[in-house]
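Coordinates in review
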Amino acid sequence: MVKILITDEIHEEAVEILRKVGDVEIATNLSKEELKRKIEDVDVIVVRSGTKLTRDILEYAKKLKIIARAGVGVDNIDVEYATERGIIVVNSPDASSISVAELTMGLMLAAARNIPQATASLKRGEWDRKSFKGIELYGKTLGVIGLGRIGQQVVKRAKAFGMNIVGYDPYIPEEVARDLGVKLLDDLNELCKVSDIITLHVPLTPKTRHIIGKEQISLMKRNAIIVNCARGGLIDERALYEALKEGRIRAAALDVFEEEPPRNNPLLTLDNVIGTPHQGASTEEAQKSAGIIVAEQIVKILRGEPAENVVNLPAIPSEKIGKLKPYMELAEKLGLMAIQLLDRSIEKVELIYSGEIAGEDTEIVKRSFLKGMLSPILLAGVNLVNAPSVAKSRNIKVIEGTISESEYGNAIKVLAEGNSDKVSLVGSVVEGKPVLREIDGYKVDIKPEGIICIIRHIDRPGMIGKVGLLLGDHGINIAGMQVGRKEPGGESIMILKVDHVIPEEVLEKLKKLENIKDAKVIHL
Ligand code: NAD
């Protein structure tokens with residue numbers, strides 16, 4: 001009989017499903033040593049975020065075939081090592097979307113009608129019918145930032161309340177927004193100006209950190225309500241505090257905070273702030289469904305049937321991966337660059353292979369590219385298995401081709417097109433390592449790693465000095481630099497490797513320097 005070990009609490013119904021297919025042992029709060037002992041002879045292990053399945057633990061597993069994570073993030077699991085060992089990893093990425101969307105609606109209504117404040121007053125023995133006058137959601141404009149899984153569920157519910165919906169998500173195709181009945185805006189500031197209620201549903205990335213800052217808050221209506229059930233760092237809490245304290249916006253409803261649990265957070269001293277302690281996914285149903293989804297995945301895999309939520313691809317023979325690995329790495333870096341450079345939804349991608357890779361089965365290389373391209377904009381969950389279907393759901397067309405020769409030898413050329421812009425990149429593999437060779441036809445020679453700043457400018461004397469001075473003034477060290485130009489005095493490209501993240505305001509100053517046309521920071 002199959003041995004199944006459950007090391008974090010999961011729903012009883014999920015346990016029942018597993019009991020039908022195996023011998024189940026539930027052992028929570030295990031020490032590292034106990035876990036190493038227990039994992040030795042089990043076939044399946046089921047965890048939530050509490051159990052860390054690092055390499056030193058997995059090395060003890062002699063028979064393990066499946067690791068199941070009830071929930072989304074797999075950061076507590078060494079997926080790469082599991083893949084190497086042929087262990088399948090499954091998760092349940094979609095289990096909490098409805099719960100988070102419902103909490104968003106709950107907080108929206110609670111803030112609009114001052115429900116928590118009125119409840120507290122009632123319990124103090126008061127009967128105050130004047131202080132808590134609210135506003136209706138009906139007819140108001142809801143600004144949804146991020147139209148992924150949760151954002152879309154919020155849209156559906158808000159429509160039932162008769163709200164007009166505008167959205168900001170540069171990476172979602174217009175047809176998807178149109179089908180949802182959302183007016184897609186190109187500019188986040190515009191959304192801030194026109195919305196009565198603003199709700200955030202984007203992942204926290206270097207790009208989305210403080211996506212709602214002082215400037216955005218200053219544009220909001222006096223009666224605006226901000227709801228955040230996504231991640232704390234998305235809002236500049238200091239700017240939010242000032243605006244709420246001075247009554248420049250109406251209210252904020254927060255499930256998440258920059259520091260959790262919040263310690264001496266001044267926001268919590270304000271009457272016009274309501275909130276919950278990161279409760280978005282804390283429902284019976286979300287937890288039940290996270291457990292049931294992974295239990296069903298386990299049953300399917302044990303029966304040899306295809307499962308939808310597999311995170312890794314252990315089925316590919318490792319000798320094959322070995323040869324393709326540098327190309328997978330290169331393709332993933334090119335994907336990361338393409339989306340960050342275009343910074344819009346990508347509609348069509350062409351991947352052209354040359355050299356030794358042209359003669360190989362490139363499916364896994366294509367998947368690596370898509371994973372790189374989608375991961376900066378989506379929450380944990382894009383992996384080598386689901387990348388093609390996620391791309392399909394976002395209407396991204398992928399074409400592959402080969403050319404017999406390239407001046408760079410073993411290379412991949414990428415042409416990525418959005419609806420109004422495009423980018424071309426060439427990368428090659430040199431001694432097993434990826435090297436970036438061209439950006440939009442400009443020749444370069446850089447290792448695609450760390451943080452790079454790409455500046456488009458007119459080739460004039462002194463440009464490098466001006467840029468260096470500005471960054472230096474803001475304490476940003478330049479670790480390396482290259483300039484690419486097609487002709488003297490024409491448009492050129494400057495690529496800087498920097499040691500620190502360039503803050504948005506410094507980037508804006510950079511863009512305003514004479515002869516600079518654009519500047520972007522890329523995380524690789
Ligand atoms: P998702 O990956 O399905 O969707 C994210 C969307 O954000 C995508 O459509 C993407 O194109 C868009 N996006 C990315 N960068 C953007 C940018 N710079 N500007 C505008 N849009 C951008 O994610 P999801 O499952 O819908 O989760 C949304 C958020 O909810 C995440 O922050 C997640 O951590 C959070 N979350 C919170 C709880 C909770 O307990 N409160 C639970 C689950 C998820």
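To start, this report covers the structure provided alongside it. Keep in mind it's a predicted model, so treat the numbers as computed, not measured. (Residues numbered from 1 in each chain as written. Predicted model: local features only at pLDDT ≥ 70, side-chain atom pairs only at ≥ 80, totals over all residues. Heavy atoms only, no water.)

1. Overview of the pairing of strand 5 (residues 88-91)
Here 4 bridges tie strand 4 (residues 66-69) to strand 5, and the two strands are oriented parallel to one another. Across the sheet, residue R69 finds its bridge partner in strand 5, namely N91. (Pairing = 2+ DSSP bridges. Helix = DSSP H or I, 4+ residues; strand = E, 2+ residues; numbered from the N terminus.)

2. With respect to helix 7 (residues 149-160)
Listed as buried for helix 7 are G151, Q153, V154, V155 and A158. If you follow the buried residues of helix 7, they end up packed against helix 5 (97-113), strand 6 (141-145), strand 7 (164-168), helix 8 (174-180) and strand 9 (197-200). A positive phi of about 75° marks G162, the residue just after helix 7. (Buried < 20%, exposed > 50% of the residue type's maximum accessible area, 1.4 Å probe, protein only. Contact = heavy atoms within 4.5 Å.)

3. What to know about the site of the ligand
Close to the ligand lie 27 residues; I150, D169, V202, L379 and R394 are nearest. Contact between the ligand and G148: an oxygen atom at 3.3 Å from a main-chain N or O atom of the residue. Within the backbone of A281, one N or O atom sits 3.4 Å away from an oxygen atom of the ligand. Here the ligand has 870 Å² of accessible area as a free molecule, and 95% of this is covered by the chains. Each of domain 2 (97-275) and domain 3 (316-448) gives at least three residues to the shell around the ligand. (Near = heavy atom within 4 Å. Polar contact = N/O pair within 3.5 Å; in protein donor to acceptor, adjacent residues only side chain to side chain. Areas by Shrake-Rupley, 256 points an atom, 1.4 Å probe, with all protein chains shown as cover. Domains from an automatic or database assignment.)

4. Some words on the sheet that holds strand 19 (residues 451-458)
One open sheet holds the 4 strands; their spatial order is 20-21-19-22, and the pairing between them is antiparallel. A strand with exactly one partner marks an edge of an open sheet, and here the two such strands are strand 20 (478-485) and strand 22 (516-523). Going across the sheet, the axis of each strand differs from the next one's by a mean of 15°, ignoring polarity. Two strands pair when backbone bridges link them, and strand 19 and strand 21 (residues 491-498) are joined in this way by 8 bridges, in the antiparallel orientation. Bridging across to strand 21, I452 finds its partner in K497. Taken strand by strand, helix 16 (residues 463-473) contacts strand 19, strand 20, strand 21 and strand 22, and its axis lies near 35° from that of strand 21. The strands touched by helix 17 (residues 504-512) are strand 19 and strand 22; relative to strand 22, the strand with the most contacts, the crossing angle is about 150°. (Axes fitted to C-alpha atoms, helices over the stretch in contact; angles between N-to-C directions.)

5. Some points on the side chain of K36
The topology assignment puts K36 in helix 2 (residues 32-39). Every residue in contact with K36, bar those within four places of it in the chain, is listed here: D56, I57 and Y60.

6. Notes on the sheet that holds strand 17 (residues 433-439)
With mixed pairing, 6 strands are arranged side by side in an open sheet as 14-13-15-16-17-18. At either end of the open sheet lies a strand with only one pairing partner, and these are strand 14 (397-402) and strand 18 (442-446). Adjacent strand axes in the sheet meet at a mean angle of 20° when their direction is disregarded. Lying on the sheet, helix 14 (residues 363-374) is in contact with strand 13 (348-354), strand 14 and strand 15 (411-417); it crosses strand 13 at an angle near 135°.

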